[in-house]
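Here is what each chain is made of, one letter per residue.
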Amino acid sequence: MNPHLLGLMTHKIGSPGRFSRHADAALDAGFSGVILFTPAGVHVERGTVTGYVRQGRSPWRKQSAAHPPVAIDLGYYTTPLTNRQVFRVKNRTRIQFTGHGLGNKWTIQNHLLASPLLASHLLPTKPMDSVDDAIAYAREHEAIMIKPINGKGGIGILKLCCTGSAYRLHENRKPALSGGPGTIRAALRRARRKGGYLLQRWIDIRNPEGRVFDVRVLMQKDGTGQWETSGMAIREGSANSITSNLKSGGRAHEVAAYLNRLFPSDKADALMEKLCELSVYIPPYLEERYGRRLADLGLDFAIDRSGCLWLLEVNIKPGKAVIRQVYGEEAARRCFLMPFREARRLALSATATGDERSALPL
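Remember, predicted model here, so these are calculated numbers, not experimental data. (Residues numbered from 1 in each chain as written. Predicted model: local features only at pLDDT ≥ 70, side-chain atom pairs only at ≥ 80, totals over all residues. Heavy atoms only, no water.)

Across six bridges, the pairing between strand S4 (residues 48-55) and strand S5 (residues 61-66) is antiparallel. Among the inter-strand pairings, Val49 is bridged to a residue of S5, identified as Ala65. Here S4 folds back onto S5, and the loop between the two strands holds five residues, one of which, Gly56, carries a positive phi near 55°. (Pairing = 2+ DSSP bridges. Helix = DSSP H or I, 4+ residues; strand = E, 2+ residues; numbered from the N terminus.)

Moving on, we get to the UniProt feature "domain: ATP-grasp" (unreviewed entry) in the protein chain. The UniProt record marks residues 115-340 with the feature "domain: ATP-grasp" (unreviewed entry), using the residue numbering of this structure. Measuring from the first to the last C-alpha atom of residues 115-340 gives 30 Å, for a span that is 35% helix and 29% strand. (UniProt positions renumbered as here; feature names shortened; annotations may be inferred.)

A few words now on the nonpolar core. Within the largest apolar cluster, 32 residues are counted, with the highest numbers of intra-cluster contacts made by Leu286, Phe301 and Val314. Mapped by element, the contributors of at least two residues to this core are helix H3 (105-113), strand S14 (213-221), strand S15 (227-236), helix H7 (255-262), helix H8 (265-290), strand S17 (296-303) and strand S18 (309-315). In terms of residues, this core owes the most to one element, H8, which gives eight residues. In contact with Phe301, not counting residues within four places along its chain, are Asp214, Val215, Val217, Leu275, Leu278, Ser279, Ile282, Leu309, Trp310, Leu311 and Leu312. Counting residues in hydrophobic clusters, the runner-up holds 20 residues, among them Phe19, Ala343, Leu346 and Ala347. (Core = buried A, V, L, I, M, F, W, Y, C linked by side-chain atoms within 4.5 Å. Buried < 20%, exposed > 50% of the residue type's maximum accessible area, 1.4 Å probe, protein only. Contact = heavy atoms within 4.5 Å.)

In this model, helix H6 (residues 181-192) (12 residues) spans 16 Å end to end at C-alpha, consistent with the 16 Å of a helix rising 1.5 Å per residue. By the burial criterion, the buried members of H6 are Ile184, Ala187, Leu188 and Ala191. Within H6, the buried residues cover an arc of 100° as seen down the axis, which keeps them to one side. Considering only its buried residues, H6 is in contact with helix H5 (131-141), strand S9 (143-148), strand S10 (158-163), strand S11 (166-171), strand S12 (177-179) and strand S13 (197-201). (Expected span 1.5 Å × (residues − 1). Arc of directions from axis to C-beta.)

Right, dumping it as structure tokens:
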């Protein structure tokens, strides 16, 4: 193994130049270069990786190299084949990854429910085993969110409302569908062809202007192995959006000032305190619960109109756009560099011990 080369694993390379920013970050962290590869490019038995190497500021070139001791996983894997390949790489090689997967949303939900501290902040949720499950759940709760079990970025999320025998199904950027159970069943059957879904009780997290908002908290290891809160921000959805996703035209805001506009100061202060408490608790809890190393987490919280705080999601590869909008370019750059500094710590630790797998307990 080359202790000075950082691995970057992704689902698809295309042009390696797209990853030059990552290669520069590796240099800033103290690596001599990077090797960019996909799971299919890892040869387990031979101990080699075929991909694109960039040493220093030199051009990218395709070649094979020994397994790097440490790698950052940048990929989004959506097929059973690539998921099997990822499992093989992470469990049958000596490559240490800065972070590991947590499973689908239902798996994560069950791990979170095992914590008494978190259970009271989780919404009623269940897998959608059939379209009739969604109809029944909407009748029970009047309004529910229907979320892809493996979704990201708010894509494919539906809202289903029930009033008597009338139903309304809404997806962002599409006209709402109104009708009886038969109409809704047909639409949900079409949606299910794309994959599994979760059903979750809807809560009113709209601000006085009617815009959906939530709180994104970015938790990262700081390069010494310790977790820190890199930033938190309000994500406010566009008008008529059922989600707060920024890519759909949303906006970001500073958290404390935003909450003080919505709630009395003592309530806003209490919410900030609870947000910080839960955010600091979740990363080490999940590492212990899963027995896996993590390094970069995005925690999504919702606050309903009565001031109750809910944990919506935990993301293992969170975007940094919300940090840039609220804190500026320098803060976003620091957040971007943090995983590379953690990777360098792992590489140095492995070199010092002479055994990459014994460097850390996770």
